[in-house]
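# Reading the structure
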Amino acid sequence: MMMLFVLSCSTTEVETKNESVRLLRRLSIDMRGRLPNNEEIESVRVDPKRLEAFTSTFLADPDFETQFMFWMSEIWHTRVDIFTVVAHDFYLNTVEDWYHFNRAVGEEPLRLMAHIVANDLPWTEAVTSDYTMVNPLLEQLFPVVLTGELADSEWKPARYTDGRPAVGVLGTNGLWWRYYTDSLNMNRKRAAAITRLLLCDDILSRPISFEASQHALEETTIAVREDPACATCHSSLDPLASSMFGFYWLEEGNPLEALYYHPEREQIGQEMIGVAPAWYGQPVNSFAEIGLHIAADSRFRQCAVETVAKVLLRRDLNSEDYPTMKRLLEEFESNKLIVKPLIESVSRLPEYQTVYPGTEDYRSPKMMTPYQ
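As the structure is a computational prediction, the values presented were derived from the model and not from experiment. The numbering scheme is per chain: residues are counted from 1 as the chain's sequence reads. Under the rules for a predicted model, residues below a pLDDT of 70 receive no local features and side-chain atom pairs below 80 are neither given nor counted, while totals for whole chains, interfaces and linings still include all residues. Hydrogens and water molecules were not included; the side-chain quantities draw on all heavy atoms of the structure.

We now examine the nonpolar core. Ranked by internal contacts, the top residues of the largest apolar core, which has 103 residues, are Phe-68, Trp-76, Trp-123, Leu-170, Trp-177, Ile-194 and Ile-343. When checking whether two residues touch, look at their non-hydrogen atoms; a contact exists if any pair is within 4.5 Å. Look past the residues within four positions of Phe-68 in its chain and what remains in contact with it is Met-113, Ala-114, Val-117, Trp-123, Val-339 and Ile-343. Only buried residues count toward a nonpolar core, which is a set of Ala, Val, Leu, Ile, Met, Phe, Trp, Tyr and Cys residues joined through side-chain atoms within 4.5 Å. Throughout, exposure labels follow a simple rule: accessible area from a 1.4 Å probe, protein chains only, divided by the maximum for the residue type, with under 20% read as buried, over 50% as exposed, and the rest as partly exposed.

Turning to the side chain of Glu-108, a few remarks are in order. By secondary structure assignment, the location of Glu-108 is in helix H5 (residues 95-118). Positive charges come from Lys and Arg, negative ones from Asp and Glu, while His and the chain ends are left out of the count. Between Lys or Arg on one side and Asp or Glu on the other, a salt bridge is scored when a side-chain nitrogen of the former is within 4 Å of a carboxyl oxygen of the latter. For the buried Glu-108, no salt bridge exists, and the shortest N-O distance to an oppositely charged side chain is 5.9 Å, to Arg-164. Any pair of N or O atoms that falls within 3.5 Å is considered a polar contact. Within protein, one atom must be able to donate a hydrogen and the other to accept it, and sequence-neighbouring residues count only if both atoms are side-chain atoms. A polar atom in the side chain of Glu-108 sits 2.8 Å from the side chain of Thr-132. Residues in contact with Glu-108, not counting those within four places in the same chain, are Thr-132, Met-133, Leu-138, Phe-142, Trp-155, Tyr-160, Thr-172, Asn-173 and Gly-174. The way it works is that DSSP assigns letters per residue, a run of H or I at least four long becomes a helix, a run of E at least two long becomes a strand, and they are numbered from the N terminus.

Note on terminology: pairs of cysteine sulfur atoms within 2.5 Å are recorded as disulfides. Inspection of the entire model under this criterion finds 1 disulfide. At a sulfur-sulfur separation of 2.0 Å, the disulfide partner of Cys-200 is Cys-303. For the disulfide bridge between Cys-200 and Cys-303, the dihedral angle about the S-S bond is near 80 degrees, and by the sign convention the bridge is right-handed. Within this pair, whereas Cys-200 is found in the loop between helix H9 (188-199) and helix H10 (220-226), its partner Cys-303 is found in helix H15 (residues 298-313), the two being separated by 103 residues in sequence. Cys-200 sits in the partly exposed class, given a relative accessible area of 34%.

The subject of this paragraph is the pattern of salt bridges. Applying the stated rule across the entire model yields 22 salt bridges. Glu-74 is paired through a salt bridge with Arg-314; the nearest N and O atoms lie 2.5 Å apart. Linking Glu-74 in helix H4 (residues 63-76) with Arg-314 in the loop between H15 and helix H16 (322-334), this pair joins segments that are 240 residues apart in sequence. Here Glu-74 falls in the partly exposed class, since its relative accessible area comes to 25%. In this structure, Arg-111 and Glu-107 form a salt bridge, with 3.0 Å as the shortest nitrogen-oxygen distance.

Below, the discussion takes up the confidence of the model for the protein. Every residue gets a pLDDT, meaning the predictor's confidence in that residue, from 0 to 100. Per-residue confidence for the protein gives a mean pLDDT of 87; residues scoring 70 or more make up 84%. Below a pLDDT of 50 lies the segment residues 1-11, which in the model reaches 0 contacts outside its immediate sequence neighbourhood of four places, other chains included.

Here the focus is the packing of H4 against H5. Think of each axis as a best-fit line through the C-alpha atoms, taken over the contacting stretch in the case of a helix, with angles from 0 to 180 degrees between the N-to-C directions. Remark: H4 packs on H5, axes separated minimally by 8 Å, with the N-to-C direction vectors making an angle of 130 degrees. Judged by the angle between their axes, H4 and H5 are oblique. Of the two possible hands of crossing, H4 and H5 adopt the one that is right-handed. Contact residues: H4 offers Phe-64, Glu-65, Thr-66, Phe-68, Met-69, Met-72, Ser-73 and Trp-76, while H5 offers Glu-107, Leu-110, Arg-111, Met-113, Ala-114, His-115, Val-117 and Ala-118. Throughout, the term roughly parallel applies to angles under 35 degrees, roughly antiparallel to angles over 145, roughly perpendicular to angles from 65 to 115, and oblique to all others. Working rule for handedness: look at the near helix, and if it is turned counterclockwise from the far one by less than a right angle, call the crossing left-handed; if clockwise, right-handed.

Our focus in this paragraph is the layout of surface pockets. Here the term cavity refers to a set of points on a 1 Å grid, laid over the protein atoms alone, in which a 1.4 Å probe fits but cannot get out; the term pocket refers to an open set having protein on both sides within 12 Å along at least five of seven lines, with lining residues being those that place an atom within 4 Å of a point. Grid points are joined across faces, edges and corners, and a volume is the space filled by probe spheres set on the points. In this model, the second largest pocket occupies a volume close to 430 Å³. Residue lining of the second largest pocket: 20 residues in total, with Cys-200, Gln-302, Glu-306, Thr-307 and Leu-317 positioned closest to the centre. Counting residues per element, the ones that place at least two in the lining of the second largest pocket are H4, H9, H15 and H16. Each residue receives one of three labels: charged for Asp, Glu, Lys and Arg, nonpolar for Ala, Val, Leu, Ile, Met, Phe, Trp, Tyr, Cys and Pro, and polar for the others, Gly being one of them. Among the residues making up the lining of the second largest pocket, the classes are represented as 9 nonpolar, 4 polar and 7 charged.

For H9, with 12 residues, the first-to-last C-alpha span of 16 Å sits near the 16 Å given by 1.5 Å per residue. The buried fraction of H9 amounts to 10 of the 12 residues, a majority that puts the element mostly inside the structure. Residues of H9 that are buried include every one of Arg-188, Arg-190, Ala-191, Ala-192, Ala-193, Ile-194, Thr-195, Leu-197, Leu-198 and Leu-199, and no others. Multiplying 1.5 Å by the helix residue count minus one yields the expected span of that helix.

All right, on to unusual backbone geometry then. One non-glycine residue, Met-186, lies in positive phi territory at about 50 degrees. The residue Met-186 is located in the loop between helix H8 (173-178) and H9 in this model. One non-glycine residue, Lys-336, lies in positive phi territory at about 60 degrees. Along the chain, Lys-336 turns up in the loop between H16 and helix H17 (339-347). A relative accessible area of 67% means that Lys-336 is categorised as exposed.

Pairing between two strands requires that DSSP report at least two bridges joining them. Here we have 3 strands laid out as an open sheet, ordered E1-E3-E2, and antiparallel in their pairing. Each having just a single partner strand, strand E1 (132-134) and strand E2 (144-146) make up the two edges of the open sheet. With direction set aside, neighbouring strand axes in the sheet form an average angle of 50 degrees. With 3 bridges joining them, E2 and strand E3 (residues 156-160) adopt antiparallel strand pairing. Pairing of Leu-146 across the sheet is with Ala-158, part of E3. Across the sheet, H5 is in contact with E1 and E3; its angle to E1 comes to roughly 115 degrees.

Within E3, 4 of the 5 residues are buried, leaving the element largely enclosed by the surrounding structure. In this sheet, E3 lies alongside E1 in antiparallel orientation, the contact comprising 3 bridges. Opposite Thr-132, over in E3, you have Ala-158 as the bridge partner.

Next up on the list: empty space enclosed by the protein. Any empty space left between the atoms is revealed when a probe the size of a water molecule rolls over them. Taken as a whole, this structure holds 2 cavities of 30 Å³ or more when the rule is applied. Size it by volume and the largest cavity reaches roughly 120 Å³. Along its surface, the largest cavity is lined by 15 residues, and Met-72, Trp-123, Cys-303, Ala-304 and Thr-307 are the ones closest to its centre. If you list the elements that add at least two residues to the lining of the largest cavity, you get H4, H9, H15 and H17. For the lining of the largest cavity, the per-class residue count stands at 14 nonpolar, 1 polar and no charged. A volume near 40 Å³ is recorded for the second largest cavity. As for the second largest cavity, its lining consists of Arg-164, Asn-173, Trp-176, Trp-177, Arg-190, Phe-247, Trp-249, Ala-258, Tyr-260 and Tyr-261. Here the element with the most residues in the lining of the second largest cavity is H8; it accounts for 3 residues.

Below, the structure is given as structure tokens:
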């Protein structure tokens, strides 16, 4: 009996060590984009309790910033193959030029968020900072000036010099070149992007009944203001769109229009859309105030928690996740909206640490992403 008992303990110990190594691999791939080295594996194999310390070590790794950029790219969708403004507009004509141009533009907003997280700045900086991130190509093309920080880094903080407001990621060319607008949509698609990305409220996913609208097919201008079927969304969407005309292009695809912010157009939103600028019923004088309203909105903090959980757990959330999300939100707020402790908390969830299918806390496989 004693020999069987010893054998059982030994098997359990081996399984624990193997599970710890598997989790170490998962953490390293997620946080750094690479496998752990032999020394790290052996350290955890000898003492599985060291695993928790490795999470903080991985989050401090220089490669984490790039990994967080990839995380956000899954949600923000700005890393696209082509924009309406193209490399040829700037006399960049080779295939390599086009690739680097599109990647640089698409990564600008993502790099800003990654910089904020990697440097332990509060998440509100994402919508209130007065700087962006540029690489040498964007520094050459965009109307920016470097701040003098991170001299040895490819991506450096820079400030736009064209009078655009301090609204963090909402002031980046990379975001609005991806979510462009036209004379019919008039920034509504951009406003919907803001609510989806920063509040986790996807207006475009809401069901619409055109049969309930008396004017939808004849006169949309009246419908969006007066018909309940339309006004449900447009009552909050249109005032936000009205505040964004500094980014409005008079000619789609014109590089001079797209490169610069246009402060002189800020006040034309009310005339073109027919409603005054506002954030969910709170009047604003300019788009600069939108960032402050978002930073103070409780949905902004909730969305940050949901986004991190969704990326790390690799699945959509549902009502069953509410207690967990509520606890994570409380921790996030107690940590002054610093994102790294939130990432650590999600990585400690039983679901994230599950190894074998069929266990009590198992919900879905941990699938690798294309960039991984």
